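Here is how the chains run, residue by residue.
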Amino acid sequence: MKKEDFLLLLNRYLSGDTNLEENNKLLNYYESFQTDKDWDEALGSKEELEFRMRTRLQNAIYSEETRVLPIQPFYTKTAFKLTAMAASLLLLISISLIVSKTNPLKIETPQVAHKEILIGSDKATLTLEDGSVIALEKGKSFSEGNASSNGEKLVYNSNGKAVTIANNLLTIPRGGQFFVQLADSTKVWLNSESQLKYPVAFVDGETRQVELVYGEAYFEVSPSTKHKGSRFKVKTQEQNVEVIGTEFNVKAYRDESAIYTTLVKGVVAVSNTAKKQILTPNQQSKITEYNGSINVSEVDVYNEISWRKGLFVFKGMPLKDIARVLSRWYDVDIVFADPALGNVKFNGVLNKNQKLEDILTTIKNINFIHAYEKKDNKIIIK
């Protein structure tokens, strides 16, 4: 089956317009692609797709409300596999890559001329100790003191040379993300709408401290054994995270009432003015703005840090929370014509490197929303 025919057939299946013979063709194509030497890489890596489908087949798109997939009403083992396959493929394949090489799927969407909504990219602004502001973006290089940037990442080097201790501020706007390597070789990935304050150099033997002013960041901390035992601390408005050498994610957005710390490797101590809690791998702490307690639970780390891998992973997440995530990445406001629609829960894995319209069309095409409308820099979900 040609890729173009496969995509069209998949789209028809999701609309309930295929017969049993066509359903079997789809199923056969899915089960054979794993050994197909001619698999089109535009559909994504075979290995990566196989892994995601194997581990997430049982979590194929569903709603905990009254909304259901528009599929034919039979529930044989074959039909279940096909339903999960079709839903997973539509979400997991990078639609932007597919559309660039094939004719677009014929899906009806509002055709109104408005400002183009861009996919997020690597960009940030760097504020130096003296108040100078430098724009960091692709195609622009920067170098000062022990810092240098190619526009896609910012790296601080100690090189064993004495450096005047000063604090820099790295701000990631909506629609952006950025990577920074601190002077102690700690690596930090910053999500959209985030801000990190940090010193341009550290003193071995003294605590290395940075501040996540707001937003989300993934830390891969340089071990204390390389810095004369000095520990590493991340400060936020409501908590402190102290580590020895580890990987973890901190989410502390201004428009969310809770701060989440997720441990990937090592051990961290999360504390506030009232309590201290030790986290082990695969645990997440939650501190709410109005509650001094620290609640700890087991989580799927893959879901929590997928943003760093270029994916959106939504597991039983209300559409209103998904809209908040998409708003940050695409720098657009998303509202609901009916507030109740924001409570509908959705499961899916989506590629961040595709247009917002493709994501909304995917959600619309599987009947979670009726329509969406663009008005300048605003999306109205109906």
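Scroll up a little and you will see the structure.
Criteria and cut-off values
Residues numbered from 1 in each chain as written. Predicted model: local features only at pLDDT ≥ 70, side-chain atom pairs only at ≥ 80, totals over all residues. Heavy atoms only, no water. Core = buried A, V, L, I, M, F, W, Y, C linked by side-chain atoms within 4.5 Å. Buried < 20%, exposed > 50% of the residue type's maximum accessible area, 1.4 Å probe, protein only. Helix = DSSP H or I, 4+ residues; strand = E, 2+ residues; numbered from the N terminus. Contact = heavy atoms within 4.5 Å. Salt bridge = Lys/Arg side-chain N within 4 Å of Asp/Glu carboxyl O. 1 Å grid on protein atoms, 1.4 Å probe; cavity = no way out; pocket = protein on both sides within 12 Å on 5 of 7 lines; lining within 4 Å. Points joined across faces, edges and corners; volume = space filled by probe spheres on them. Nonpolar A, V, L, I, M, F, W, Y, C, P; charged D, E, K, R; others polar. Polar contact = N/O pair within 3.5 Å; in protein donor to acceptor, adjacent residues only side chain to side chain. Pairing = 2+ DSSP bridges. Axes fitted to C-alpha atoms, helices over the stretch in contact; angles between N-to-C directions. Expected span 1.5 Å × (residues − 1).

Colleague: Please explain the nonpolar core as it appears in this structure.
Modeller: In summary, soluble globular proteins display a tendency toward joint burial of nonpolar side chains. In terms of nonpolar packing, the biggest core is built from 42 residues, with Leu-154, Leu-170, Phe-219 and Phe-248 touching the most fellow members. No other element matches strand β10 (residues 208–220), which puts four residues into this core. Among residues more than four places away in sequence, those in contact with Leu-170 are Ala-124, Thr-125, Leu-126, Leu-136, Leu-154, Phe-178, Val-180, Leu-190, Ser-194, Gln-195, Leu-196 and Tyr-198. Listed in part, the 26 residues of the second largest apolar core include Ala-323, Leu-350, Leu-360 and Ile-379.

Colleague: Explanation requested: the pattern of salt bridges in the structure shown.
Modeller: A side chain with one charge can pair with a side chain of the opposite charge if their charged atoms come near. A full pass over the atoms with the stated rule returns 15 salt bridges. The closest approach of N and O atoms between Arg-174 and Asp-331, which form a salt bridge, is 3.2 Å. Within this pair, whereas Arg-174 is found in the loop between β6 (167–172) and β7 (176–181), its partner Asp-331 is found in the loop between α7 (319–330) and β20 (333–336), the two being separated by 157 residues in sequence. Arg-174 sits in the partly exposed class, given a relative accessible area of 23%. Under the relative-accessibility criterion, Asp-331 is labelled partly exposed at 35%. Put simply, Glu-193, Arg-254, Asp-255, Glu-256, Asp-321, Arg-324 and Arg-328 are held in one network by salt bridges that share partners.

Colleague: I tried to follow empty space enclosed by the protein on my own but got confused; where do I start?
Modeller: In this approach a probe as big as a water molecule rolls over the atoms, and the regions it shows empty are the leftover space. This structure, assessed with the given rule, holds two cavities of 30 Å³ or more. Of the voids in this model, the second largest cavity is the one considered here, and its volume is about 80 Å³. Along the walls of the second largest cavity sit Leu-319, Ile-322, Ala-323, Leu-326, Ile-334, Phe-336, Leu-360, Ile-363, Ile-369 and Ile-381, which together make up its complete lining. Broken down by secondary-structure element, the contributors of at least two residues to the lining of the second largest cavity are α7, β20 and α8 (356–365). Counting residues per element, the lining of the second largest cavity draws most heavily on α7, which supplies four residues. When grouped by side-chain class, the residues that make up the lining of the second largest cavity number ten nonpolar, no polar and no charged.

Colleague: Looking at this structure, I do not really get the side chain of Ser-230. What am I missing?
Modeller: Structurally, the position occupied by Ser-230 is in the loop between β10 and β11 (232–235). For Ser-230, a relative accessible area of 2% translates into the label buried. Of the polar contacts made by the side chain of Ser-230, one reaches the backbone oxygen of His-227; its length is 2.9 Å. What Ser-230 contacts, discounting residues up to four positions off in sequence, is Gly-205, Glu-206, Thr-207, Arg-208 and Ser-224.

Colleague: What is the right way to read the sheet that holds β20 from this model?
Modeller: Across a sheet, strands are paired by hydrogen bonds formed along the backbone, either parallel or antiparallel in direction. Overall, mixed pairing links the three strands, which are arranged β20-β23-β22 in an open sheet. Bordering the open sheet on either side are β20 and β22 (372–375), each of which pairs with just one other strand. The sheet shows a mean angle of 20° between the axes of neighbouring strands, taken without regard to direction. Pairing geometry for β20 and strand β23 (residues 378–381), over four bridges, is parallel. The residue of β23 that forms the bridge with Phe-336 is Ile-381. Across the sheet, α8 lies against β22 and β23, angled at about 155° from β22, the strand it touches most.

Colleague: Any chance you could explain α7 here in plain terms?
Modeller: The periodicity of an α-helix, 3.6 residues per turn, causes residues three or four positions apart to be oriented the same way. Between its first and last C-alpha, α7 extends 16 Å over twelve residues, near the 16 Å set by a 1.5 Å rise per residue. Taken residue by residue, α7 has Leu-319, Ile-322, Ala-323, Leu-326, Ser-327, Arg-328, Trp-329 and Tyr-330 as its buried positions. Considering only its buried residues, α7 is in contact with β1 (121–127), β7, β19 (311–318), β20, β21 (345–351) and α8. Where α7 terminates, the next one or two residues include Asp-331, which has phi positive at roughly 50°.

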